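These are the residues of each chain, in order.
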Amino acid sequence: MERYQRQIILSQFGPEGQAKLATAKVLVVGAGGLGCPVLMYLAAAGVGQLGIVDLDVVSLSNLQRQVLYKTEDVGLPKVERAKHYLLEMNPEIKVTSYFTFLTTENALEIISDYDIIVDATDNFPTRYLLNDACVILDKVLVYGAVSNFEGQLAVFNADLGDDKRSSNYRDIFPNPPMENEIGNCAEIGVLGVLPGTIGCIQASEVIKLITGIGKPLVNQLQTLNLLTNHWQTFTIQDSAETRSLIPKDTMSYKNKDYSLTCRPLQKMEIDAADFQSYFDKEDVVFVDVREAFEKPEIDHFHYQKHPLSAWERAVPNFQESTIILFCQSGKRSLDAAKKMSEFSKGKTILSLKGGILHWQNKYQNITNE
């Protein structure tokens, strides 16, 4: 009671709120700039069980913003040093460390043991992997991100009652950016106090969610520009279309390769000459993603028809190791290639640049009907 007195005497909090914290289980994915303040304040507040996922070790360049660590920790695993300091801070709590990357093989198992998940990551593949896992398992995700002088916050997949859930990360950013499109903190830098600011608010959102006080950032995205002290809050709309990008079950999730979703789209495209060169190769399937009514019909090589409109219900599965998609102009097949790459581990997914009309005009000289 003495340790937590200052928050227990809050009229909206009380002993009941403290009791809820004591029985809560929170997993923090990432023990860096965001994870440090989240962990410190949740431990100090008395959250009963904390989990930490990270495979990184402390480096000297971390210490400017990752304030949980000391100079003598350089070279040591972050999760173990974080656990040590958190238990020194509050020996009444339980801390579990996971010295590992979060992957589709372990994410569902690790996350299932916790009530609330905190996204304190710094890369897009893990962020999408984590978001999708929380949607599959019906877990609340407290999101934070920082870059340069700007930060973002949101609460995703919150329980709204009647078997309904709030918006998720894909409702803002349906698909990952292309590789090198957005720099990370190691490339463009970050002001050290920024992750501290965002991480503290993430911790406060977790406490609000556990105790039921206040109004969490559900269906909202909050941004901060630290240079101007300018805060903005945006409303997020839950979308069935973006939810279709998330695997429907455990097996689909484990077969999805999130690392592929951030590669440059142009690597998926092949020109008409390369397209033609695959005709005589084995273990290749050609797929027409056009609608059934679209002309011209193709009879110069064998292919399968899988209209893109049907992919909202189920992404086709192929045994071949190389899958080459085409449409009328190349746009839909490129969209399909990106979507398929998320669900097809170990396969080469390609799209015909310019579409089948371009190929015909160059190689078959067939008049389009």
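Now for a look at the structure at hand.

About the criteria used
Residues numbered from 1 in each chain as written. Predicted model: local features only at pLDDT ≥ 70, side-chain atom pairs only at ≥ 80, totals over all residues. Heavy atoms only, no water. Pairing = 2+ DSSP bridges. Helix = DSSP H or I, 4+ residues; strand = E, 2+ residues; numbered from the N terminus. Contact = heavy atoms within 4.5 Å. Axes fitted to C-alpha atoms, helices over the stretch in contact; angles between N-to-C directions. Phe/Tyr/Trp six-rings, centres within 6.5 Å; stacked < 30°, edge-to-face > 60°. Buried < 20%, exposed > 50% of the residue type's maximum accessible area, 1.4 Å probe, protein only. Right-handed = clockwise from strand over helix to strand, strands pointing away. Core = buried A, V, L, I, M, F, W, Y, C linked by side-chain atoms within 4.5 Å. Patch = residues over 30% accessible without salt bridge, like charges linked within 9 Å, V, L, I, M, F, W, Y side chains within 5 Å. Areas by Shrake-Rupley, 256 points an atom, 1.4 Å probe, with all protein chains shown as cover. Salt bridge = Lys/Arg side-chain N within 4 Å of Asp/Glu carboxyl O. Parallel < 35°, antiparallel > 145°, perpendicular 65-115°, else oblique. Left-handed = near helix turned anticlockwise from the far one by under 90°. Nonpolar A, V, L, I, M, F, W, Y, C, P; charged D, E, K, R; others polar. Disulfide = S-S within 2.5 Å.

## Here's the deal with the sheet that holds strand β11 (residues 269-270)
Strand order in the open sheet formed by five strands is β11-β15-β14-β12-β13, and the pairing between neighbours is parallel. Where the open sheet ends on each side, the last strands, each with one partner, are β11 and β13 (304-305). In this fold helix α12 (residues 331-341) packs onto β11, β14 (322-326) and β15 (348-352), with an angle of close to 170 degrees to the strand it touches most, β15.

## Re the packing of aromatic side chains
Counted by the stated rule, this structure contains 20 aromatic pairs. Summarising the aromatic geometry, the rings of F156 and Y169 are spaced 6.1 Å apart at their centres and angled 75 degrees between planes, so their arrangement reads as edge-to-face. Taken together, the residues F156 in strand β6 (residues 150-156) and Y169 in the loop between β8 (164-165) and α7 (185-188) connect sequence positions 13 residues apart. Both residues of the pair, F156 and Y169, count as buried.

## Some details on the pairing of strand β4 (residues 116-119)
Looking along a regular strand, one sees side chains alternate from face to face of the sheet. Burial of β4 is two-sided: the residues I116 and V118 facing one way and the residues I117 and D119 facing the other way are all buried. As defined by bridge partners, strand β1 (residues 25-29) adjoins β4 across four bridges and the pair is classed as parallel. When the sheet's bridge partners are listed, V28 is paired in β4 with V118. Alignment of β4 against strand β5 (residues 140-147), held across four bridges, turns out to be parallel. Paired with D119 across the two strands is Y143, which belongs to β5. With respect to chirality, the unit in which β4 leads through helix α6 (residues 124-137) into the neighbouring parallel β5 is right-handed.

## A short note on the environment of H302
With respect to the helices, strands and loops of the structure, H302 is situated in the loop between β12 (284-288) and β13. With 23 residues separating them along the chain, H302 and F279 place their C-alpha atoms 8.7 Å apart.

## Here we look at the nonpolar core
For soluble globular proteins, nonpolar side chains are generally found buried alongside one another. Counting residues in hydrophobic clusters, the biggest one holds 44 residues, and the most contacted among them are V26, L42 and L50. Mapped by element, the contributors of at least two residues to this core are β1, α3 (35-45), β2 (49-53), α4 (78-89), β4, β5, β6 and α8 (193-211). Setting aside chain neighbours within four positions, we find L50 in contact with V26, L39, L42, A43, L86, I93, K94, V95, T96 and Y114. Ranked by size, the runner-up nonpolar core spans 27 residues in total, among them L108, L130, A133 and Y143.

## Topic: unusual backbone geometry
Across the junction of K295 and P296, the peptide omega takes the value 0 degrees, indicating a cis bond. With respect to the helices, strands and loops of the structure, P296 is situated in the loop between β12 and β13.

## Considering the sheet that holds β1
If you walk across this open sheet you meet the eight strands as β3-β2-β1-β4-β5-β6-β9-β10, and the pairing is mixed. Across the chains shown, the open sheet's two edge strands, defined by having one partner strand only, are β3 (94-98) and β10 (230-235). The average angle at which neighbouring strand axes cross in this sheet is 15 degrees, direction not considered.

## Digging into a nonpolar patch on the surface
Side chains of L55, V57, F99 and F101 sit close together on the surface and give an oily, nonpolar patch of about 350 Å² of accessible area. Examined against the element boundaries, F99 turns out to sit in the loop between β3 and α5 (107-111). Residue classification places F99 among the partly exposed residues on the basis of a relative accessible area of 42%.

## Focus on the side chain of D73
Tracing the backbone through its elements, the reader meets D73 in the loop between β2 and α4. Given a relative accessible area of 1%, D73 falls into the buried group. Each residue touching D73, except ones within four places of it in the same chain, is listed here: V58, R81 and Y85.

## Some remarks on the packing of α3 against α8
At a minimum axis distance of 8 Å, the contact between α3 and α8 shows a crossing angle of 40 degrees. Between α3 and α8, the angle is such that the two are oblique. Judged by the twist between their axes, the crossing of α3 over α8 is right-handed. Seen from α3, the contacting residues are P37, V38, Y41, L42 and A45; seen from α8, they are P195, G196, G199, C200, Q202, A203, V206 and I207. Tallied by class, the residues present in the contact of α3 with α8 amount to 10 nonpolar, three polar and no charged.

## Description of the pattern of salt bridges
A complete count under the given rule lists 14 salt bridges for this structure. Between E92 and R3 there is a salt bridge, and its shortest N-O distance comes to 3.7 Å. Of the two residues, E92 sits in the loop between α4 and β3 while R3 sits in the segment before α1 (5-8), which places them 89 residues apart along the sequence. A relative accessible area of 42% places R3 in the partly exposed class. Of the charged contacts in the structure, one is a salt bridge between K256 and D132, with a shortest N-O distance of 3.7 Å. On the criterion of sequence distance, the pair formed by K256 in the loop between α10 (250-254) and β11 and D132 in helix α6 is long-range, its members being 124 residues apart. Judged by relative accessible area, D132 falls into the buried class, the value being 0%.

## Focus on the state of the cysteines
Inspection of every chain in the model, using the stated rule, returns zero disulfides. Left unpaired, C200 is separated from the closest cysteine sulfur, that of C36, by 11 Å.

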